[in-house]
Amino acid sequence: QVQLVESGGALVQAGGSLRLSCAASGRVFNTMGWFRQDPGEEREFVAAITWSGANKYYADSVKGRFSISRDNTKNSVYLQMSSLKAEDTAVYYCAASGGAPSSRSGEYDYWGQGTQVTVSS
């Protein structure tokens, strides 16, 4: 049974940093990614990484501030967030796919339950 479990969400002040973690179980995925969603909004792509870690992709809104990484020995993916802004406030979801990286949520097969990130201004 595949399961993705996120952790690390918190309340943080603007300009601060936070690290999200996602532990996968059940199988190894070629692509792992992060999305975020505000209430009433569509789920938004944040970042994705391939199995080797050599290829990383970011939404324009987070480039230069967020960094995605993975540790295949722990079957985990991480999102290091810095210079956080109020508009980064959202529920962050970990996602996994056996295919190539994509910014489209429909391309991902498995999802975590989400972790809340709130940035106070």
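Read on for an overview of the structure.

Rules and cut-offs
- Per chain, residues are indexed from 1 in the order of the written sequence.
- Per-residue local features of the predicted model are confined to residues with pLDDT of at least 70, and side-chain atom pairs are confined, for both listing and counting, to 80 or more; whole-chain, interface and lining totals are unaffected and use all residues.
- To obtain the side-chain values, all non-hydrogen atoms of the structure were included, while hydrogens and water were left out.
- Per the convention used, a helix needs a DSSP run of H or I reaching at least four residues, while a strand needs a run of E reaching at least two, with both numbered from the N terminus.
- Each radius of gyration is computed over the set of C-alpha atoms, and the globule rule expresses the reference value as 2.2 Å times the number of residues to the power 0.38.
- The buried label applies to any residue whose accessible area, calculated with a 1.4 Å probe on protein chains only, is under 20% of its type's maximum; exposed applies above 50%, and partly exposed to all values in between.
- It only takes one pair of heavy atoms within 4.5 Å for two residues to be counted as in contact.
- Here, Shrake-Rupley sampling with a 1.4 Å probe gives the accessible areas, and only protein chains in the shown set may cover a residue.
- Charge assignment in this entry is limited to Lys and Arg as positive and Asp and Glu as negative, and neither His nor the chain termini are counted.
- In this description, the location of a charge corresponds to atom NZ of lysine, CZ of arginine, CG of aspartate or CD of glutamate.
- We define the nonpolar core as a collection of buried residues of types Ala, Val, Leu, Ile, Met, Phe, Trp, Tyr and Cys that are connected through side-chain atoms lying within 4.5 Å of one another.
- Disulfide: a pair of cysteine sulfur atoms within 2.5 Å of each other.
- Salt bridges are defined as contacts in which a side-chain nitrogen from Lys or Arg sits within 4 Å of a carboxyl oxygen from Asp or Glu.
- Strands are labelled as partners when DSSP assigns at least two bridges between them.

This paragraph deals with the overall build of the chain. Scanning the chain for helices and strands turns up zero helices and eleven strands. Its helices and strands in sequence order give the chain the pattern β-β-β-β-β-β-β-β-β-β-β, from N to C terminus. Here the C-alpha radius of gyration of the chain, 13 Å, is about what a compact globule of 121 residues would show, namely 14 Å. With the C-alpha coordinates aligned to their principal axes, the bounding extent of the chain is approximately 40 × 30 × 25 Å. Here the chain, with 121 residues, has 41% of them falling under the buried criterion. Contacts in the chain between residues at least 24 apart in sequence constitute 57% of all its contacts with a sequence separation of at least 6. Surface accessibility of the chain: about 6,100 Å² in total, with carbon and sulfur atoms responsible for 45%. Each charge sign in the chain was given a centre, from 11 positive and 11 negative side chains, and these centres are 8 Å apart.

Time to look at the nonpolar core. Nonpolar side chains tend to gather and get buried jointly when the protein is soluble and globular. In this structure, Met32, Trp34, Leu79, Met81 and Tyr92 are the most contacted members of the largest nonpolar core, which totals 31 residues. The set of elements that each furnish at least two residues to this core consists of β3 (18-25), β4 (31-37), β5 (44-50), β7 (66-71), β8 (76-81), β9 (90-97) and β11 (115-120). The contacts of tyrosine 92, once residues within four sequence positions are left out, are Glu6, Leu20, Trp34, Phe35, Arg36, Val46, Phe66, Leu79, Met81, Gly114, Thr115 and Val117.

Take the state of the cysteines next. Counted by the stated rule, this structure contains one disulfide. Paired by a disulfide, cysteine 22 and cysteine 94 hold their sulfur atoms 2.1 Å apart. Because the torsion about its S-S bond is -75 degrees, the bridge between cysteine 22 and cysteine 94 counts as left-handed. You can see cysteine 22 sitting in strand β3 and its partner cysteine 94 sitting in strand β9, a full 72 residues away along the chain. Each of the two residues, cysteine 22 as well as cysteine 94, counts as buried.

This paragraph deals with the pattern of salt bridges. With the rule as written, the count across this model stands at five salt bridges. The salt bridge involving aspartate 88 is made with arginine 36; its shortest N-O contact spans 2.9 Å. Within this pair, whereas aspartate 88 is found in the loop between β8 and β9, its partner arginine 36 is found in strand β4, the two being separated by 52 residues in sequence. Judged by relative accessible area, which is 0%, aspartate 88 ranks as buried. Looking at arginine 36, the relative accessible area reads 6%, which means it is buried. Its salt-bridge partner being arginine 104, residue glutamate 107 comes within 3.4 Å of it at the nearest N-O pair. Residue classification places glutamate 107 among the partly exposed residues on the basis of a relative accessible area of 36%. Sharing partners across several salt bridges, the network here consists of Arg36, Glu44, Arg65 and Asp88.

Turning to the pairing of β7, a few remarks are in order. Going residue by residue along β7, you find Phe66, Ile68 and Arg70 tucked away on one face and Ser67, Ser69 and Asp71 left uncovered on the opposite face. Both β7 and β8 contribute to a ladder of six bridges, which runs antiparallel. Bridged to serine 67 within β8 is glutamine 80. Taken together, β7 and the strand that follows it, β8, pair antiparallel across an intervening segment of four residues, in which asparagine 75 is found at a positive phi of about 50 degrees.

From the geometry alone we can't say anything about function, so treat these as descriptive.
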